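# Residue-level structure breakdown
The lines below spell out each chain.
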Amino acid sequence: MTLIDTRTPDPKRLIPGATGDWEVIIGLEVHAQVTSKAKLFSGASTEFGAEPNANVALVDAALPGMLPVINEECVAQAVRTGLGLKAQINKRSIFDRKNYFYPDLPQGYQISQYKDPIVGEGKIIVSVGPDKKGQFEDIEVGIERLHLEQDAGKSIHDMHPTMSYVDFNRTGVALMEIVSKPDIRSADEAKAYITKLRTILRYLGTCDGNMEQGSLRADVNVSVRKPGGEFGTRCEIKNVNSIRFVGQAIEYEARRQVAILEDGGEIVQETRLFDPNKGETRSMRSKEEAHDYRYFPDPDLLPLEFDQAYIDALSEALPELPDEKKERLINSLGLTPYDASILVSEKAIADYFEQVAEGRDGKAAANWVINNLLGKLNETGHGIDATPISPAQLGSIIDLIKKGDISNTIGKELFEIVWNEGGDPEKIVEERGMKQVTDTGAIEAAVDEVIAANPDKAEQAKEKPNMAGWFVGQVMKATGGKANPQAVNQLVRQKLGIE
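These lines cover the structure that appears in this document, whether it is placed above or below. Remember, predicted model here, so these are calculated numbers, not experimental data.

The next thing to look at is the sheet that holds strand β5 (residues 109–112). On the basis of which strands lie adjacent, the open sheet formed by 3 strands has the order β5-β4-β15 and antiparallel pairing. Only two strands of the sheet have a single neighbouring strand rather than two, namely β5 and β15 (296–297). As paired elements, strand β4 (residues 96–99) and β15 share 2 bridges and run antiparallel to each other. Residue pairing for β15: R97 is matched across the bridge by F296.

Structure below.
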């Protein structure tokens, strides 16, 4: 990774120490599994969860004489991702052999890209927050490169007391290694970066981002320095497969390095692992340099070349990405940046919201999706794909409120009914007598009854107009929440003589 200092120290991000403040410098190497039915250099399946060694072609097993053949869809997916990262697409790239020996690497080398990757420099705008005031801070994180490479297999050590097993199903699966510049200055920024990167990949359809299945994992490079000083010695934390764990690993590692330096010690450049059970990193091996891998162009693969027309065709077919969608929702529907950020955070949420908002007030639709639907899903621990309420059903509830058939309070009760029982909201309102009372005569009678029952408070309200709200609440309670709130408020103020 090329270390270029692109940010000035931010006092909010500094780590306090016994000898003063320290700045943490973070760079991330994210390995994203390419969405493709076949592997990078073979036709073997990439299906997750198959029986061990069921998805292994002869070239994956490195049998003598087997030659790799590039999967064009994996190339297209890498270019799409590069375009989504506003990055330079290199029309000529080279596949190299990265030599190292491990039981789960049958060839004895990994086919990767080194000096000539398929994608060059790009950038991601990351929103960090919200802070205590509910505000977000946008930062730009540079992308150093994106290159294609094949994954290794998996060693299994807990199936036999004296032997290890190897599963080659992942061997040869296409990965995009997306390398950030060292622009990240805190655990929160790192988590926000990976979250945004995963969102972009999912919008593009180039990686499913399922970290629990190993489809997205990160190598985290951490170093510390005195603010504005030279870069310190970095340690790399390998294969972190959870955004939460990335944050924990950074916080522990930064504190560990600060403690060593303040004791007069030196940081050893090494590769470390994060133990989520103990919340700490531990040494794995000394950190390799590029020359240790003896990179050289793979003699079985020609340079990968394509023209601008190929790039343009892929660019024209790209979907609307989260930043552009967020801007459109703010400008066309009048949403706040906060609400728009939540709605575009996942493509499935954005798609759901846009179905609800079609032909309706965007702000009302956003309020119901964010506060009611996503709030309920958060309570149950499920994602948007598990919602029992369809966009059409939620839209119907919003329509009933707008027409005045039900109040907002009744709308929330209706939401719970549809969530638990399903059904057509309009029919439920009719069958259960949930329609809002708009008959001013009936409402006036209820208002008179409440005022008559509370003469002392009625007298006080003339001096304290804010007490009108109490009377409105009592009338709504007396009518089971069915009275039209605007009519109730108007009649209460009129009866109490409040201007």
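Alright, that's what it looks like, and here's the rest.
Looking at where E23 falls in the secondary structure, it is placed in strand β2 (residues 20–33). Exposure remark for E23: the relative accessible area of 3% places this residue in the buried category. A polar contact is formed between the side chain of E23 and the side chain of R185, at a distance of 3.1 Å.

Here the focus is the side chain of S93. Mapping S93 onto the fold places it in strand β3 (residues 92–93). A distance of 3.2 Å separates a polar atom in the side chain of S93 from a polar atom in the side chain of Q113. Those residues in contact with S93 that sit more than four places away from it in its chain are Q113, D116, P117, I118, P303 and L304.

With that settled, the discussion passes to the nonpolar core. Membership of the largest hydrophobic core comes to 104 residues, with the highest contact counts inside it found for I118, M176, Y193 and V220. Counting residues per element, this core draws most heavily on helix α2 (residues 187–204), which supplies 10 residues. Apart from the residues lying within four places of it in its own chain, the contact partners of V220 are I26, G27, L28, C235, E236, I237, V240, V246 and I250. If you look at the next biggest cluster of nonpolar residues, it comprises 20 residues, including V472, A487, L491 and L496.

So, about the environment of S215. Structurally, the position occupied by S215 is in the loop between α2 and β11 (216–225). Between the C-alpha atoms of S215 and T35, which are 180 residues apart in sequence, the distance is 9.2 Å. Beyond its immediate stretch of four places on either side in the chain, S215 contacts H31, A32, Q33, C207, D208, G209 and N210. In this structure the side chain of S215 is engaged in a polar contact, spanning 3.1 Å, whose partner is the side chain of D208.

Between its first and last C-alpha atoms α2 spans 26 Å; for 18 residues at 1.5 Å apiece the expected length is 26 Å, and the two agree. Of all 18 residues in α2, 13 are buried; the element is thus mostly enclosed. Positive phi appears at G205, one or two residues downstream of α2, with a value of about 75 degrees.

Moving on to the environment of E189. Summarising the element assignment, E189 is placed in helix α2. As a C-alpha pair, E189 and R13 span 176 residues in sequence and 9.5 Å in three-dimensional space.

Let's shift gears to unusual backbone geometry. Phi is positive for N53, close to 65 degrees, though the residue is something other than glycine. Within the secondary structure layout, N53 lies in the loop between β2 and α1 (72–84). Relative accessible area serves as the criterion here: at 37%, N53 is assigned to the partly exposed category. For K86, which is not glycine, the phi torsion reads 55 degrees and is therefore positive. Here K86 is to be found in the loop between α1 and β3.

Positionally, T336 belongs in the loop between α5 (322–333) and α6 (337–343). Each C-alpha atom of the pair T336 and K363 lies 8.7 Å from the other, and the pair is 27 residues apart in sequence. Within the structure, the side chain of T336 is placed 3.1 Å from the backbone nitrogen of D339, a separation counted as a polar contact.

A few words on helix α10 (residues 408–421). An α-helical segment advances 3.6 residues per turn. Residues three or four places apart therefore align on the same side. Over its 14 residues, α10 extends 20 Å from the first C-alpha to the last, a length consistent with the 20 Å expected when each residue adds 1.5 Å. Along α10, the residues that are buried comprise I410, G411, L414, F415, I417, V418 and W419. Those residues of α10 that are buried are in contact with α8 (362–380), α9 (391–403) and α11 (425–431).

About the cut-offs
- Residues numbered from 1 in each chain as written.
- Predicted model: local features only at pLDDT ≥ 70, side-chain atom pairs only at ≥ 80, totals over all residues.
- Heavy atoms only, no water.
- Pairing = 2+ DSSP bridges.
- Helix = DSSP H or I, 4+ residues; strand = E, 2+ residues; numbered from the N terminus.
- Buried < 20%, exposed > 50% of the residue type's maximum accessible area, 1.4 Å probe, protein only.
- Polar contact = N/O pair within 3.5 Å; in protein donor to acceptor, adjacent residues only side chain to side chain.
- Contact = heavy atoms within 4.5 Å.
- Core = buried A, V, L, I, M, F, W, Y, C linked by side-chain atoms within 4.5 Å.
- Expected span 1.5 Å × (residues − 1).

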